[in-house]
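Okay, here's what each chain looks like letter by letter:
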Amino acid sequence: MKFFIETYGCQMNIADSELIASILIEAGHQEVEQIEKADLLIFNTCSVRAHAENRVLGRIQSEKSRKKTNPSLKIGVVGCMAQRIGKELIEENTDIDFVLGVDQYQNLPEIIQEIDNKQYLLDLDSHQIYKGIQPSYHSDYCAYITIMRGCNNFCSYCIVPYVRGRERSRPWQDIVQETIFAGKQGRKDVTLLGQNVNSYLHSDVNFPSLLRKLNEVDEIYRLRFITSHPKDLSDELIEVMAISAKVCEHIHLPIQSGNNKILQAMNRKYTVEHYLELINKLRNYIPNIAITTDIMTGFPGETESDFRQTLKVLEEIGFDDAFCYKFSPRSGTVAANLPHQISEQERLERLQRMIDLQRNITLKKNRNQIGQTVEIYVESFSKKSTDKVCGKTRDFKMAVLSGTQKDFGTLQKVEVKDATASTLICF
Ligand code: SAH
Ligand code: SF4
Ligand code: F3S
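Predicted model only: the values in this text are computed from it and were never measured.

The rules we used
Residues numbered from 1 in each chain as written. Chains lettered and ligands numbered in written order. Predicted model: local features only at pLDDT ≥ 70, side-chain atom pairs only at ≥ 80, totals over all residues. Heavy atoms only, no water. Domains from an automatic or database assignment. Contact = heavy atoms within 4.5 Å. Buried area = accessible area lost by both parts, 1.4 Å probe. Near = heavy atom within 4 Å. Nonpolar A, V, L, I, M, F, W, Y, C, P; charged D, E, K, R; others polar. Salt bridge = Lys/Arg side-chain N within 4 Å of Asp/Glu carboxyl O. Helix = DSSP H or I, 4+ residues; strand = E, 2+ residues; numbered from the N terminus. Buried < 20%, exposed > 50% of the residue type's maximum accessible area, 1.4 Å probe, protein only. Axes fitted to C-alpha atoms, helices over the stretch in contact; angles between N-to-C directions. Parallel < 35°, antiparallel > 145°, perpendicular 65-115°, else oblique. Phe/Tyr/Trp six-rings, centres within 6.5 Å; stacked < 30°, edge-to-face > 60°. Pairing = 2+ DSSP bridges.

In this section: the domain arrangement of the chain. You can read the domains of the chain as domain 1 (2-121), domain 2 (142-367) and domain 3 (373-426). Centre-to-centre separation of domain 1 and domain 2, based on C-alpha positions: 28 Å. Domain 1 puts 19 residues into the contact, and the matching count from domain 2 is 17 residues. Taking both partners together, domain 1 and domain 2 bury about 1600 Å²; carbon and sulfur atoms supply 56% of that area.

Next comes the structure, spelled out in structure tokens:
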């Protein structure tokens with residue numbers, strides 16, 4: 001079949017789509033880049049907020065009308081939303097042909113052989129690490145490499161542990177091998193993925209040791225990782241980051257709230273004070289490190305004064321960037337049933353204030369780099385013109401510079417001439 005995958009959610013899902021593509025290609029199917037050319041549409045879905053689910057449900061709704069003009073078109077739904085509500089989805093939607101959970105992708109070839117029967121496979125498998133499957137990477141120049149799957153943390157707002165199952169780490173030897181392979185193919189910029197990479201552990205190799213091993217891989221230029229949980233960020237990791245030349249000066253460290261009462265209700269297991277200490281350590285060991293975060297407004301029980309405290313902490317820390325969300329109650333999580341839920345309007349109003357504040361901080365941080373020389377790993381043409389190219393700096397800023405396709409996959413050192421809240425302009 002000719003398949004097209006539409007991916008929602010986090011980098012984990014992007015990496016899973018690359019696994020799915022590889023499994024299907026291996027079985028003789030062909031990936032197409034235009035949805036119109038496909039006879040199999042796969043939606044790889046996210047459940048993290050209601051909005052993420054509603055968006056993809058809308059998309060499925062609008063794509064299924066294609067079945068009228070192309071009766072052989074098949075639609076599959078996979079990923080976190082499939083895991084959460086897949087059975088209802090397939091029972092209620094005559095146009096969905098199959099539903100697969102996050103640990104069931106190896107069954108895709110058989111499902112497709114019998115595609116005329118509606119099928120669903122949703123069991124979680126706490127041992128599934130897709131061993132031996134080399135993902136079909138989307139980018140020619142960068143690679144996401146999954147180092148662990150699942151999550152054991154049960155932050156009280158979060159659906160991920162329910163839909164992704166228990167935490168398990170891939171063997172470090174497989175990760176090293178995949179990194180070498182990616183580098184040999186010209187993917188010199190590698191991002192390691194896990195819901196909480198700091199708790200990676202495989203036969204005595206913890207996350208700092210894994211980074212040390214990967215730092216030795218000659219075939220790659222750069223290493224990053226997402227996501228770090230503040231409760232598990234060790235001194236050892238900070239030291240390894242500081243001395244490993246390939247590990248970029250950037251960490252994504254979700255704070256979620258700047259108020260201890262809320263952090264406790266979120267089951268995050270750290271305090272604001274501990275978080276601030278980590279920031280100090282990171283900045284002491286790794287000067288110019290960029291720190292980005294995730295943060296939420298309107299968690300149950302958050303008062304206006306709790307919220308203001310969070311804004312103050314945002315100002316005090318000065319994140320390079322923050323992904324701001326409004327709390328979305330997820331059925332089955334502890335937070336969805338807490339008393340003192342905050343109204344939608346209030347959550348939204350706080351979110352807007354938070355985004356406005358952070359945008360100014362990000363702009364200031366970016367403008368501070370004007371006049372400095374930065375190293376950019378060129379990945380693609382800039383959206384606006386074909387004589388400009390773009391890529392990330394070591395500290396994870398998007399930068400635009402003059403260049404041609406020949407520069408793709410290379411490191412370029414240029415001076416920052418101007419900056420917006422989203423981009424460093426280097427021409
Ligand atoms: N494992 C990662 C990412 C989890 S999902 C981590 O621990 O950071 C990415 C972000 O989505 C979270 O950091 C959180 O800020 C946000 N998020 C998760 N559940 C949410 C919910 N129910 N409502 C709003 N935002 C949520
Ligand atoms: Fe969700 Fe917390 Fe696990 Fe991240 S660490 S995936 S926020 S439960
Ligand atoms: Fe990622 Fe969304 Fe699943 S954030 S882990 S795709 S619920």
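Glancing now at the site of ligand 3. Around ligand 3 sit Gly9, Cys10, Asn13, Cys46, Ser47, Val48, Cys80, Arg164 and Gln195, and those are all the residues in its vicinity. For the shell around ligand 3, the per-class residue count stands at four nonpolar, four polar and one charged.

Moving on: the pattern of salt bridges. Throughout the structure, instances matching the rule amount to 32 salt bridges. Between Glu344 and Lys326 there is a salt bridge, and its shortest N-O distance comes to 3.2 Å. Residue Glu344 is located in helix H13 (residues 344-368), and its partner Lys326 is located in strand E16 (residues 321-326); the two are separated by 18 residues in the primary sequence. Look at Lys326 and you get partly exposed, because its relative accessible area is 25%. Overlapping salt bridges, with partners in common, bring together Glu6, Arg59, Glu63 and Arg66 in one network.

For the pair helix H11 (residues 272-285) and helix H12 (residues 304-317), the least separation of the axes is 12 Å and the interaxial angle reads 10°. The angle between the axes of H11 and H12 places the two elements in the roughly parallel class. Note on element contacts: H12 touches H11 through Val313, Glu316 and Ile317, opposite Val272, Tyr275, Leu276, Ile279 and Arg283. Here the residues of the contact of H11 with H12 sort into six nonpolar, no polar and two charged.

The full count for this structure, using the stated rule, is 10 aromatic pairs. Aromatic side chains Tyr221 and Tyr377 sit 6.2 Å apart centroid to centroid with 80° between the ring planes, which places their arrangement in the edge-to-face category. In this pair, Tyr221 sits in the loop between helix H8 (207-215) and strand E13 (222-226) while Tyr377 sits in strand E17 (residues 373-381), placing the two residues 156 residues apart along the sequence. Take Tyr221: its relative accessible area is 34%, and that puts it in the partly exposed class. Between Tyr270 and Tyr275, the aromatic rings sit 6.2 Å apart at their centres with planes inclined by 35°, giving tilted as the arrangement. Grouping residues by exposure puts Tyr270 and Tyr275 together as buried. By way of ring pairs, the aromatic residues Tyr141, Phe381 and Phe408 are connected into one cluster.

Our next topic: the sheet that holds strand E20 (residues 411-415). Strands sit in the order E20-E17-E18-E19-E22-E21 across an open sheet of six strands; the sheet is mixed. Every interior strand has two partners, whereas the edge strands, E20 and strand E21 (418-419), have only one.

What follows concerns the sheet that holds strand E10 (residues 189-193). In space, the three strands of this open sheet follow the order E7-E10-E13, with parallel pairing throughout. The sheet is open, and its two borders are formed by strand E7 (142-146) and E13, each paired with just one other strand. In this sheet, adjacent strand axes meet at a mean angle of 20° when their direction is disregarded. Strand direction decides the pairing type here: E7 and E10, joined by five bridges, are parallel. Residue pairing for E10: Tyr144 is matched across the bridge by Thr191. Sitting on the sheet, helix H1 (residues 11-26) is in contact with E7, E10 and E13, with an inclination near 95° to E7. Here helix H7 (residues 172-184) sits on the sheet in contact with E7 and E10, set at roughly 170° to E7.

Okay, unusual backbone geometry next. Excluding glycine, most residues fall at negative phi; most peptide bonds, likewise, are trans. The amide bond that connects Ile226 to the next residue, Thr227, takes the cis arrangement and shows omega of 5°. Examined against the element boundaries, Thr227 turns out to sit in the loop between E13 and helix H9 (235-243). Unusually for a residue other than glycine, Phe154 sits at a positive phi of about 50°. By the secondary structure assignment, Phe154 is in the loop between strand E8 (148-149) and helix H6 (160-164). For Phe154, a relative accessible area of 29% translates into the label partly exposed. Even without a glycine there, the phi angle at Phe396 is positive, about 65°. Its location among the elements puts Phe396 in the loop between strand E18 (388-393) and strand E19 (398-402). With a relative accessible area of 33%, Phe396 lands in the partly exposed category.

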